[in-house]
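Summary of structural features
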Amino acid sequence: MENAGSPEAEVVRRKIFVKVGNWFSKRGLFPRKKEVVRRKIFVKGIVQGVGFRPFVCQLAEDLGLFGYVFNDARGVTIEIEGTPQDVKKFREKLEADKPRLAVIRLISVEEIPPLGSTTFDIHESPKGGERTALVSPDADVCDACKDEVLKSDFEKEASVKRRYHYPFTNCTHCGPRFTIIQDIPYDRPMTTMRVFPMCSDCLHEYKDLKDRRFHAQPIACSVCGPHVRLVDSTGQLVECADPILETARLLAAGKIIAIKAIGGYNLACDAFNTEAVQILRERKDRDAKPFALLVADIEIAKQLCEIEDEEAKLLQAWRKPIVLLKKRADCDVAPGVAPSYNTLGIMLAYTPLMHIYLDAFAHIRGRERPAVLVMTSGNIKGEPIAYKDADARKRLFPIADATLWHNREIHMRCDDSVTRFAVGGEQIFRYSRGYAPEPLEVSFEFPVPLLACGALNKNTFCMGKMGQIEQGGKQAFISQHIGDLDDMETQTYFEEAVKHFQFLFGIRPDVVVHDLHPEYYTTHYAYKLGIPTMGVQHHHAHIASVLAEHGLKEQIIGIAADGTGYGCDGAFWGCEVMKADMLGFERLAHSRLSRRGIR
Ligand SMILES: [Zn+2]
Ligand SMILES: [Zn+2]
């Protein structure tokens, strides 16, 4: 395979093409079109692992254009050749018709001499180079894949039947990304799918430009891909014909089941079973915090909550977060789901596995009540979500009556995201699966590459990349939700996630930013790194992050109605009113708690 990244090979190739082209042209054997142009197009953003190369190939073919496309560590490079009109159309459609999960941050176009190409190819990804390509968050299953999985009477060819009730079905427009990627560029050998060699049918689909699984890196089917197993609370395999159907039966019988999902293990039970919900609460040592609910579709969600159009959009988007919604007066889920709350956190099924067991669960339960499951993180209070199988065995076997396990490894854990629709738009409470690691574009350039460690509870960290957007700068890479950093397990998770982000996005921080609190784990961690540190007051950090999110540089009046945070005077501050900008603040007013300065 040609190394598309080698400039020497490129020059030789071009010379040969031009010579051969001239030879044919002189003899009238190779009549060129009247005018042919060639462009080198570079695309930056979330363009890897989202079907961008197949889309480019298809677009080139539709317009009768030639050239090639390849991924590298920075993004996607395309060379395209044809009439000026068709090349212009190509450039327009590149943005307008982009695939479902693609996010384009930058397109640059360079004029280069035509080479007389007669094919359009996908070239192999060159290794190395500066890392500025973005990694896609994990996406829900698309409608086409869902139909393949659920509809047994669906008009199918023999090859498609490999995916009826197959829980790891995906295509270039759907499925896991961030949680299975170990390195970039995003290709199958760089993911946890590398241990599953494709069967001949999958390989055929993978290579077929016309197939929606063309170059879908996590492609799998029941012949060659990962599989599920059901084990009991002692780790013994549960003998049954269909582990997913058996899981649904156990759920309907009031059992608590641990289920391995995309970014970690969940704990599930029947949301209408008061006793099961109570037992789950006790075993998880969970206080009054509400549990999230999982349903198959928006119609079932509407039986539980009052849902406005904008909320329905959030629920149904490919990110599939938990959306906080107003509980209907006649909603009779078990009281233990969200004690004394008038809202429920609902998410729609986002994996084929979820659709299959919800379907079976609904079938077993009959029409009496809708199929609604409590779906909560697989952990005990204070610990991070379990995602490694050995760890899940240790921590979740005492909680769950059985575990629905599978052998696709999760490389990076990622909890479900929590969001709601408020006045003015989406308000994200927990930025995690489906959102991370998509960066926030900021209005300023970072003066140095930096790591901001975040505070102690509900931690997320952030990395800033130096330079202009072309070099991957002006972007804040916010981590997935890490959790409360007062136990060792979560601290290890924090450190692993920091390393993974540094590695994936090629950021080596020169400065580390920490909360002013001298005893926070994150402050100790910052000092341990041995690079210059910078302390930021807790409430000012909250206000500055809102400024960054909305691209504001001016001075504003900000109110941070937070719990407590370490103040500049060494006292604990509470609710703060500040005149602030990115660089500093003036403390205008504060709550009584702050005045007392509790230490
Ligand atoms: Zn799909
Ligand atoms: Zn296969």
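Residues numbered from 1 in each chain as written. Chains lettered and ligands numbered in written order. Predicted model: local features only at pLDDT ≥ 70, side-chain atom pairs only at ≥ 80, totals over all residues. Heavy atoms only, no water.

As for the coordination of the zinc ion (ligand 2)
Bound to the zinc ion (ligand 2) are the protein donor atoms Cys199 (SG), Cys202 (SG), Cys221 (SG) and Cys224 (SG), situated 2.2 to 2.3 Å from the metal. Relative to the metal, the four donor atoms surrounding the zinc ion (ligand 2) lie at angles of 103 to 118°, and the coordination shape comes out tetrahedral. Between consecutive donor residues of the zinc ion (ligand 2), the sequence gaps follow C-x2-C-x18-C-x2-C. On the criterion of sequence distance, the pair formed by cysteine 202 in helix 5 (residues 200-207) and cysteine 224 in the loop between helix 5 and strand 6 (228-232) is long-range, its members being 22 residues apart. According to the relative accessible area criterion, cysteine 202 is buried, its value standing at 0%. Here cysteine 224 falls in the buried class, since its relative accessible area comes to 11%. (Donors = N, O, S within 2.8 Å, 3.2 Å for Na, K, Ca; no water. Tetrahedral: all angles 85-135°; square planar, octahedral: opposite > 155°, others 65-115°. Helix = DSSP H or I, 4+ residues; strand = E, 2+ residues; numbered from the N terminus. Buried < 20%, exposed > 50% of the residue type's maximum accessible area, 1.4 Å probe, protein only.)

Some details on the packing of helix 2 (residues 52-63) against helix 3 (residues 84-96)
Orientation of helix 2 relative to helix 3, taken along the N-to-C sense of each, is 150°, at an axis distance of 10 Å. The orientation of helix 2 with respect to helix 3, classified from their angle, is roughly antiparallel. In the crossing of helix 2 with helix 3, the sense of the turn from one axis to the other is right-handed. Between helix 2, through Phe52, Phe55, Val56, Leu59, Ala60 and Leu63, and helix 3, the contact on the second element is made entirely by Asp86, Lys89, Phe90, Lys93 and Leu94. For the contact of helix 2 with helix 3, a count of residues per class yields eight nonpolar, no polar and three charged. (Axes fitted to C-alpha atoms, helices over the stretch in contact; angles between N-to-C directions. Parallel < 35°, antiparallel > 145°, perpendicular 65-115°, else oblique. Left-handed = near helix turned anticlockwise from the far one by under 90°. Contact = heavy atoms within 4.5 Å. Nonpolar A, V, L, I, M, F, W, Y, C, P; charged D, E, K, R; others polar.)

Examining the coordination of the zinc ion (ligand 1)
Taken together, the protein donors to the zinc ion (ligand 1) comprise Cys142 (SG), Cys145 (SG), Cys171 (SG) and Cys174 (SG), at separations of 2.3 to 2.4 Å. Around the zinc ion (ligand 1), the four donor atoms sit at angles spanning 105 to 116°, and that spread fits a shape best called tetrahedral. Along the chain, the residues donating to the zinc ion (ligand 1) are arranged with the sequence spacing C-x2-C-x25-C-x2-C. A relative accessible area of 0% means that cysteine 171 is categorised as buried. We classify cysteine 174 as buried; its relative accessible area is 0%.

Things to note about the pattern of salt bridges
Where charged atoms of side chains with opposite charge meet at close range, the side chains can pair. Evaluation of the coordinates by the stated rule reveals 34 salt bridges. Of the charged contacts in the structure, one is a salt bridge between glutamate 148 and arginine 163, with a shortest N-O distance of 3.9 Å. Of this pair, glutamate 148 sits in helix 4 (residues 143-150) while arginine 163 sits in the loop between helix 4 and helix 5, and the two are 15 residues apart along the sequence. Relative accessible area serves as the criterion here: at 5%, glutamate 148 is assigned to the buried category. Here arginine 319 and glutamate 438 are joined by a salt bridge, their closest N and O atoms 3.1 Å apart. Residue arginine 319 is located in the loop between helix 9 (309-316) and strand 11 (322-327), and its partner glutamate 438 is located in the loop between strand 16 (425-430) and strand 17 (440-441); the two are separated by 119 residues in the primary sequence. One network of salt bridges, in which partners are shared, links Glu148, Arg162, Arg163, Glu205, Arg212 and Arg213. (Salt bridge = Lys/Arg side-chain N within 4 Å of Asp/Glu carboxyl O.)

Quick notes on the nonpolar core
In this structure, Phe52, Ile78, Phe90 and Leu94 are the most contacted members of the largest nonpolar core, which totals 61 residues. Taken together, the elements giving at least two residues each to this core come down to strand 1 (37-46), helix 2, strand 3 (76-82), helix 3, strand 4 (103-112), strand 5 (120-122), helix 12 (488-505) and helix 13 (521-528). In contact with phenylalanine 90, not counting residues within four places along its chain, are Ile41, Val56, Leu59, Ala60, Leu63, Leu65, Ile78 and Ile80. Counting 39 residues, the second largest nonpolar core, distinct from the first, contains Phe291, Leu325, Leu344 and Ala386. (Core = buried A, V, L, I, M, F, W, Y, C linked by side-chain atoms within 4.5 Å.)

Details of helix 3
With 13 residues, helix 3 ought to run about 18 Å at 1.5 Å a step, and its terminal C-alpha atoms sit 18 Å apart, in line with that. Taken as a whole, helix 3 has its buried residues at Asp86, Val87, Phe90 and Leu94. Within helix 3, the buried residues cover an arc of 100° as seen down the axis, which keeps them to one side. Residues Gln85, Lys88 and Ala96 are exposed on helix 3 and point more than 90 degrees away from its buried face. Buried residues belonging to helix 3 abut strand 1, helix 2, strand 3 and strand 4. (Expected span 1.5 Å × (residues − 1). Arc of directions from axis to C-beta.)

Some thoughts on the sheet that holds strand 23 (residues 556-566)
Pairing within the open sheet is antiparallel, and its three strands lie in the order 23-24-25. Edge strands, defined here as strands with exactly one partner in the open sheet, are strand 23 and strand 25 (585-590). Across the sheet, the mean angle separating the axes of adjacent strands is 35° when strand polarity is ignored. Direction of pairing for strand 23 relative to strand 24 (residues 572-580): antiparallel, over a ladder of eight bridges. Among the inter-strand pairings, isoleucine 557 is bridged to a residue of strand 24, identified as lysine 579. Across the sheet, helix 14 (residues 538-549) lies against strand 23, strand 24 and strand 25, angled at about 135° from strand 23, the strand it touches most. (Pairing = 2+ DSSP bridges.)

Regarding the side chain of glutamate 438
For glutamate 438, a relative accessible area of 11% puts it in the buried group. The contacts of glutamate 438, once residues within four sequence positions are left out, are Ile46, Val103, Arg105, Pro137, Arg319 and Tyr431.

Observations regarding the sheet that holds strand 22 (residues 533-536)
With mixed pairing, six strands are arranged side by side in an open sheet as 17-20-19-18-21-22. The sheet is open, and its two borders are formed by strand 17 and strand 22, each paired with just one other strand. Here strand 19 (residues 462-464) pairs with strand 20 (residues 475-478) via three bridges, running antiparallel. The residue of strand 20 that forms the bridge with cysteine 462 is isoleucine 478. In this fold helix 13 packs onto strand 18 (450-452), strand 21 (511-515) and strand 22, with an angle of close to 160° to the strand it touches most, strand 21. Across the sheet, helix 14 is in contact with strand 17, strand 21 and strand 22; its angle to strand 22 comes to roughly 95°.

All we've got here are geometric facts, nothing functional implied.
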